[in-house]
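# Residue-level structural notes
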Amino acid sequence: MTARATTQKTKRNAESAQARRPAKKKKLLPGLHVDEGYIQHPFDAEYGVRTSGLIVGRALKSGHHNDRHNTAYYGVAPSIFQRILAQWRRYKPAAPLSEYTFVDLGAGMGRALLLASEHGFRQCIGVEMNPTLAAIARRNNALWRKADRAESPLRLLCRDAVEYKLPAGPCAIFLFNPFGAPVLKRLLTQWDKQLRGREGQVDLLYVNNEQERTLRCQSGWTRLFAGEIRRSRADAIADRDILNNQPDGEYMAANWEDCSIYRWTGNFSSF
Ligand SMILES: C[S@@+](CC[C@H](N)C(=O)[O-])C[C@H]1O[C@@H](n2cnc3c(N)ncnc32)[C@H](O)[C@@H]1O
């Protein structure tokens with residue numbers, strides 16, 4: 001056997017040994033493995049993006065001290081998102097959507113951001129503290145643009161929401177129960193200073209409003225709406241199947257979300 005043939009044989013042996021070795025399991029965030037109850041949401045199957053999964057807050061470590069107030073990752077039900085946006089538009093935003101920045105504080109894998117980008121906002125910005133989720137959201141944004149679905153520029157910033165300063169002009173802030181009261185309180189205190197004398201309406205759309213009391217106690221914000229928003233039948237089925245498949249059943253499925261909508265009126269006694 002020639003030296004060349006020996007080298008080729010060695011190479012082939014190495015390749016077949018590699019093929020026999022079990023494929024290295026990709027390290028996913030807890031809750032994203034099928035054996036941990038993961039089920040793909042129909043939204044992802046339809047649009048070829050990755051926004052499914054339920055990750056408990058305690059598993060979302062970013063090294064930031066606000067990690068301990070992280071509730072969980074879960075993508076908003078598309079029908080809930082569309083319905084709260086429609087509800088908000090009934091309260092007559094002061095400018096056309098093309099002048100509004102949509103800001104999702106706690107953007108996760110970016111499902112709400114993708115949906116918002118189809119409504120013609122001036123820009124859509126997501127702020128996500130967890131770097132793995134932020135990287136997934138950026139990939140989703142790229143896929144959305146490539147599929148020509150985004151009507152607005154899409155940006156994802158990987159940082160704590162309290163480090164984010166609202167952009168100039170009208171803003172619609174979206175929250176899908178991302179954090180506990182300490183973080184919301186801190187944000188409200190910051191906004192109280194930032195928003196005084198600022199041009200442009202600022203509204204807050206809050207889905208699964210667990211910290212509603214914190215907002216109610218904050219001066220400068222007027223509540224426009226509070227109530228249950230129902231999921232579409234298809235979303236109710238999808239979320240029920242996903243949540244019923246959790247190994248420890250920590251989260252409950254419901255056909256609606258408690259929601260509220262607030263407007264910053266701190267600059268004026270009435271609006
Ligand atoms: C329930 S998920 C909502 C995801 C997305 N908004 C949606 O509706 O599809 C909440 C997200 O908020 C993020 N989060 C929690 N605390 C945060 C903070 N202080 N700053 C930025 N993101 C945060 C979590 O990591 C999680 O991805």
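What you see is a predicted model, and the numbers here were worked out from it, not measured in a lab.

Our next topic: the overall build of the protein chain. Within the protein chain, the secondary structure is distributed over 8 helices and 9 strands. When each of the 271 residues of the protein chain is scored for burial, the buried share is 50%. The contacts of the protein chain with a sequence gap of at least 6 include a subset with a gap of at least 24, amounting to 75%. Surface accessibility of the protein chain: about 14100 Å² in total, with carbon and sulfur atoms responsible for 51%.

Let us look at the side chain of Asp203. Assignment of secondary structure puts Asp203 in strand 7 (residues 202-207). The residues touching Asp203, leaving out its near neighbours within four places in the chain, are Trp88, Tyr100, Cys171, Ala172, Ile173, Tyr262, Arg263 and Trp264.

Bringing the environment of Phe102 into the picture now. Within the secondary structure, Phe102 sits in strand 3 (residues 101-105). What Phe102 contacts, discounting residues up to four positions off in sequence, is Phe81, Ala112, Leu113, Ala116, Phe121, Gln123, Cys124, Ile125, Ala172 and Phe174.

Relative to the 18 Å expected for 13 residues at 1.5 Å per residue, helix 3 (residues 78-90) spans 19 Å between its end C-alpha atoms, a close match to the ideal helical length. Residues of helix 3 that are buried: Pro78, Ser79, Ile80, Phe81, Ile84, Leu85, Gln87 and Trp88. Of the residues trailing helix 3, Lys92 is marked for its positive phi of about 50 degrees.

Structurally, Arg216 can be placed in helix 7 (residues 212-216). As a C-alpha pair, Arg216 and Tyr262 span 46 residues in sequence and 9.5 Å in three-dimensional space. Among all residues touching Arg216, those that are not within four sequence positions of it are Arg223 and Tyr262.

Structurally, the position occupied by Asp239 is in helix 8 (residues 233-244). Here Tyr74 takes part through its side chain, which lies 2.6 Å from a polar atom of the side chain of Asp239. Aside from chain neighbours lying at most four places away, what touches Asp239 is His41, Tyr74, Ala77, Arg231 and Ala253.

Before going further, it helps to examine the nonpolar core. The biggest cluster of nonpolar side chains holds 40 residues, and the ones touching the most others in it are Phe81, Trp88, Phe121 and Phe174. With sequence-adjacent residues up to four places away left out, Phe81 is seen in contact with Val76, Phe102, Ala112, Leu115, Ala116 and Phe174. The next biggest cluster of nonpolar side chains, apart from the first, holds 26 residues, and it includes Cys171, Leu175, Leu187 and Tyr206.

Right, let's get into the site of the ligand. In the vicinity of the ligand, 24 residues are found, and the nearest of them are Asp104, Gly106, Glu128, Asp160 and Ala161. Here a nitrogen atom of the ligand and a side-chain polar atom of Asp160 are 2.9 Å apart. Between the ligand and the protein, one listed contact pairs a nitrogen atom with a backbone N or O atom of Ala161 at 2.8 Å. Against a free-state accessible area of 600 Å², the protein chains account for coverage of 99% of the ligand. Mapped by element, the contributors of at least two residues to the shell around the ligand are strand 2 (72-73), helix 4 (111-116), strand 4 (123-128) and strand 6 (171-176). Of the residues that constitute the shell around the ligand, the class distribution is 15 nonpolar, 4 polar and 5 charged.

The rules behind these values
- Residues numbered from 1 in each chain as written.
- Predicted model: local features only at pLDDT ≥ 70, side-chain atom pairs only at ≥ 80, totals over all residues.
- Heavy atoms only, no water.
- Helix = DSSP H or I, 4+ residues; strand = E, 2+ residues; numbered from the N terminus.
- Buried < 20%, exposed > 50% of the residue type's maximum accessible area, 1.4 Å probe, protein only.
- Contact = heavy atoms within 4.5 Å.
- Areas by Shrake-Rupley, 256 points an atom, 1.4 Å probe, with all protein chains shown as cover.
- Expected span 1.5 Å × (residues − 1).
- Polar contact = N/O pair within 3.5 Å; in protein donor to acceptor, adjacent residues only side chain to side chain.
- Core = buried A, V, L, I, M, F, W, Y, C linked by side-chain atoms within 4.5 Å.
- Near = heavy atom within 4 Å.
- Nonpolar A, V, L, I, M, F, W, Y, C, P; charged D, E, K, R; others polar.

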